[in-house]
Amino acid sequence: MSTLSMSPARLTLALLAAGVIGGAGATFVSSHHAGAAVPATANAPAMSTTPAVAVAGAPDFSQITERHGPAVVNIAVSGMRAVSNDDEDEERAAPRGMPPGMSPNDPFFEFFRRFGPPGFAVPGPRGGQQQPMRGQGSGFIVSADGVILTNAHVVHGAKEVTVKLTDRREFQAKVLGEDAKTDVAVLKIDAKGLPTVPLGSTRELRPGEWVAAIGSPFGFENSVTVGVVSAKGRSLPDDGYVPFIQTDVAVNPGNSGGPLFNARGEVVGINSQIYSRSGGYMGLSFAIPIELATKVKDQIVATGKASHARLGVAIQEVNQTLADSFKLDKPEGALVASVDAGGPAAKAGLQVGDVIRKVNGQPIVSSGDLPALIGQSSPGEQVTLEVWRHGKREELSAKLGDAAERSAEVAQADDSAAPGQQAKLGLALRPLQPQERRGAGVDAGLVVENATGPSARAGVQPGDVLVAVNGTPVRSVEQVREVVSKSDKSVALLIQRGDSRIFVPVRIG
C-alpha cells in the first residue's frame, strides 16, 4: 500500500480504493497520480431543505438503506499504469524534488514537499514500464437517466469503466468529466428509469449528528456503516478547495465515491479520504460536501469541465508567533507570503504581509479556509476582503481570476522555533549587491551571512535573503534593528530562498 506521509505526526492521508495490479489480488491505497485509478474513502455533507430533527439514540438506517441502497452503484475500472522503481519508504522520507539534505525542521521543507523547488525537474516514474491496473470504487445515481457522481481519483486514467447496479445489471460508463481540484467526477450510463438518491444540505448538519455510508469496501457491495459527524469545514493538505466533513463512519478502500446519508435519508456528502497509519480505517473519515459536488456536477454536465476562481496569492498559516509579530489578537487568518504580479490580488492592492481575515464577511480562521472559499467562487466574481495591515483593518475589493490559468500555492510555516533567550535575532546581515538583487529578482533586501540563536532555531540559513520584517520591506541593517526594537515577543521574517518565499516566525523575547 502506498500513502502520503504527514510530517511530523507520521499520519497518512489516503484516497481509498481497492485495486489489483497484474491480477495479483493485492489491494493498494493511492493519492492523485496519473494512471492510478483508485477509489477514495471519506465522509462529507450536502444541502438540505428539510428542517433538522432531533433523534433520540442511534437512528435506524435500515429503511434508508432499503429505499436508497439500489441507487448506490459499484464502479470497476481497468487500464494501464506506469510502474515506478522508486522505493516508497525512501520517497516518503525524501519527497521527489526535495533539495538534498534538507531537514524536515527547515521552514521550507513543507513548501518544497508540496510544490517542488524552483528550477528542479520533478521526475516521473523510472523505467517507463506499464502494467495492467484494475480498481474498484463506489458511486450514486443522481438522475433517472443514468448520471452518476463519484470521486475523480476512482476513474482517473481508466480506459474502461463498468457500473454494476444492485439488481446485477452492468453498464459501460462514459466519463463526462472529472475535476481533480475537488475530486469529483461525473459518469453517464445508457439506462432509463433508474432509482436515484435525494440530495440534502450541509448547512443544517451538526457535529454529533448520525450519518451512514453505503459503498463497496474491498468489493463487498452495498455495505452499510454508521457513525457521527465529527466536525465540518476541515481543510486537508493538498485539498485546499474542499471544506471536508469529518466523521467516524468506517470507510475503507472501495468506499470512495459512495454517498454519505443523514438520518433523513438525504445524501450530504461523497466519501473521499481517510487519515491512517496503516492505509485502513482508523476513525477519521472525510467527505466532500454535496453542495460543492453538485455545483461541479452541473458545470461538467453543461460544459464538460469545472472552473474555479483564483485570487493569485501564496498564503501560510498564522501561528501564535506570527500573530504576536503582526499584533493580531488571535492566531487566525491567511498570511500573504507572495502576490502574483498582475494577478487579481495585485490589482486589488493586496500586499505581502497582509493577513486576510474575512472574505465577503465570512471569517478566515485557518489559512485553508481561504482557498476553499475562493475555489468555490466563480472566475470574474467580485469579492470583498478584510485584511489586517500594519496593525489595523482595511477593506479591499478583488475581481477573481480563473484557477486554470495558474494554481494558487499554500505554504506552511514551521512552528517549531524555540523561544529566544536574548532580545536579538542572531543574524549577520549585509545589503545585496546590484548583481545579487538582479539574480534574486528583488528590489531590496539583505543577505544572511550567518544565523545563530533564535533565527537559526527558526530555520534561517546563511545565503537566505531577508526581504521584510513584520511586513515592512528592509533595505538596511538599521531598518531591521528599528523594526525589531518595536517588537515585544516575536518577529516575522520574510525569507527568500531561491525563487520561493515564506514568513518565518522568530521568538525574540
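Throughout, residues of each chain are indexed from 1 in the direction in which the sequence is written. Confidence filtering applies because this is a predicted model: local features only for residues at pLDDT of at least 70, side-chain atom pairs given and counted only at 80 or more, and all residues used for totals across whole chains, interfaces and linings. The side-chain figures draw on all heavy atoms in the structure; neither hydrogens nor water molecules are used.

Colleague: Can you break down the packing of aromatic side chains residue by residue, with the values?
Modeller: Two rings from Phe, Tyr or Trp (for Trp, the six-membered ring) form a pair when their centres sit within 6.5 Å of each other. Planes less than 30 degrees apart are called stacked, planes more than 60 degrees apart edge-to-face, and all others tilted. All told, the structure shown has three aromatic pairs when counted by the stated rule. An angle of 80 degrees between the planes, with centres 6.3 Å apart, marks the rings of Phe244 and Phe286 as edge-to-face. Highlighted residues: Phe244 in strand S13 (residues 239-247) and Phe286 in strand S16 (residues 285-289), separated in sequence by 42 residues. This pair shows no difference in class: Phe244 is buried, exactly as Phe286 is. Plain terms: the ring middles of Phe326 and Phe503 are 5.6 Å apart, the flat faces sit at 80 degrees to each other, and that makes the pair edge-to-face. Here a strand is any run of E in DSSP of at least two residues, a helix any run of H or I of at least four, and the numbering for each starts at the N terminus. Only protein chains enter the accessibility calculation, which uses a 1.4 Å probe; a residue whose area is less than 20% of its type maximum is buried, one above 50% is exposed, and one in between is partly exposed.

Colleague: Give me the confidence of the model for the protein: which residues, what numbers.
Modeller: The pLDDT averaged across the protein works out to 79; a share of 74% of its residues lies at or above 70. Summarising per-element confidence for the protein, the mean pLDDT is lowest in strand S1 (residues 4-6) (30) and highest in strand S6 (residues 147-150) (98). The low-confidence segment residues 19-55, where pLDDT is below 50, has 173 contacts with residues more than four positions distant or belonging to other chains. Segment residues 110-127 is flagged for pLDDT under 50; beyond a separation of four residues in sequence, or across chains, it makes 43 contacts in the model. One number per residue, pLDDT, summarises how confident the predictor is, and it ranges from 0 to 100. By the convention used here, residues are in contact when the closest approach between their heavy atoms is within 4.5 Å.

Colleague: Go over the environment of Ile189, please, and point to the residues and values.
Modeller: Residue position: Ile189 is located in the loop between strand S10 (184-188) and strand S11 (210-215). Placed 26 residues apart in sequence, Ile189 and Val163 show a C-alpha to C-alpha distance of 7.8 Å.

Colleague: Before we move on, can you summarise the pairing of strand S23 (residues 392-399) with the specific residues and values?
Modeller: With eight bridges joining them, strand S22 (residues 382-389) and S23 adopt antiparallel strand pairing. Bridged to Gln382 within S23 is Lys399. Any two strands are treated as partners once DSSP identifies two or more bridges connecting them. The antiparallel hairpin formed by S22 and S23 contains two residues in its connecting segment, where His390 sits at a positive phi of about 50 degrees.

Colleague: Residues and numbers for the nonpolar core, please.
Modeller: The biggest cluster of nonpolar side chains holds 28 residues, and the ones touching the most others in it are Phe140, Leu149 and Ile288. Among the elements that take part in this core, helix H5 (residues 290-303) stands out by supplying five residues, more than any other. Beyond its immediate sequence surroundings of up to four residues, Leu149 is in contact with Gly139, Phe140, Val142, Val184, Ala185, Val186, Gly257, Ile270, Ile290, Ala293 and Lys297. We define the nonpolar core as a collection of buried residues of types Ala, Val, Leu, Ile, Met, Phe, Trp, Tyr and Cys that are connected through side-chain atoms lying within 4.5 Å of one another.

Colleague: Which residues make up the side chain of His68, and what are the values?
Modeller: Along the chain, His68 falls in helix H1 (residues 62-68). Setting aside chain neighbours within four positions, we find His68 in contact with Thr196, Val197, Pro198, Phe261 and Gly265.

Colleague: Before we move on, could you go through the environment of Ser285 and cite the residues and values that matter?
Modeller: Mapped onto the elements, Ser285 comes out in strand S16. According to the relative accessible area criterion, Ser285 is buried, its value standing at 0%.

Colleague: Report on the pattern of salt bridges, specifying residues and quantitative values.
Modeller: Definition used for salt bridges: Asp or Glu carboxyl oxygen within 4 Å of a side-chain nitrogen of Lys or Arg. All chains considered together, the criterion is met by 18 salt bridges. Lys164 is the salt-bridge partner of Glu170, the closest N and O atoms lying 3.8 Å from each other. We classify Lys164 as buried; its relative accessible area is 19%. Residue Glu332 pairs with Lys330 through a salt bridge whose shortest N-O separation is 4.0 Å. Using a relative accessible area of 40% as the deciding quantity, one classes Lys330 as partly exposed.

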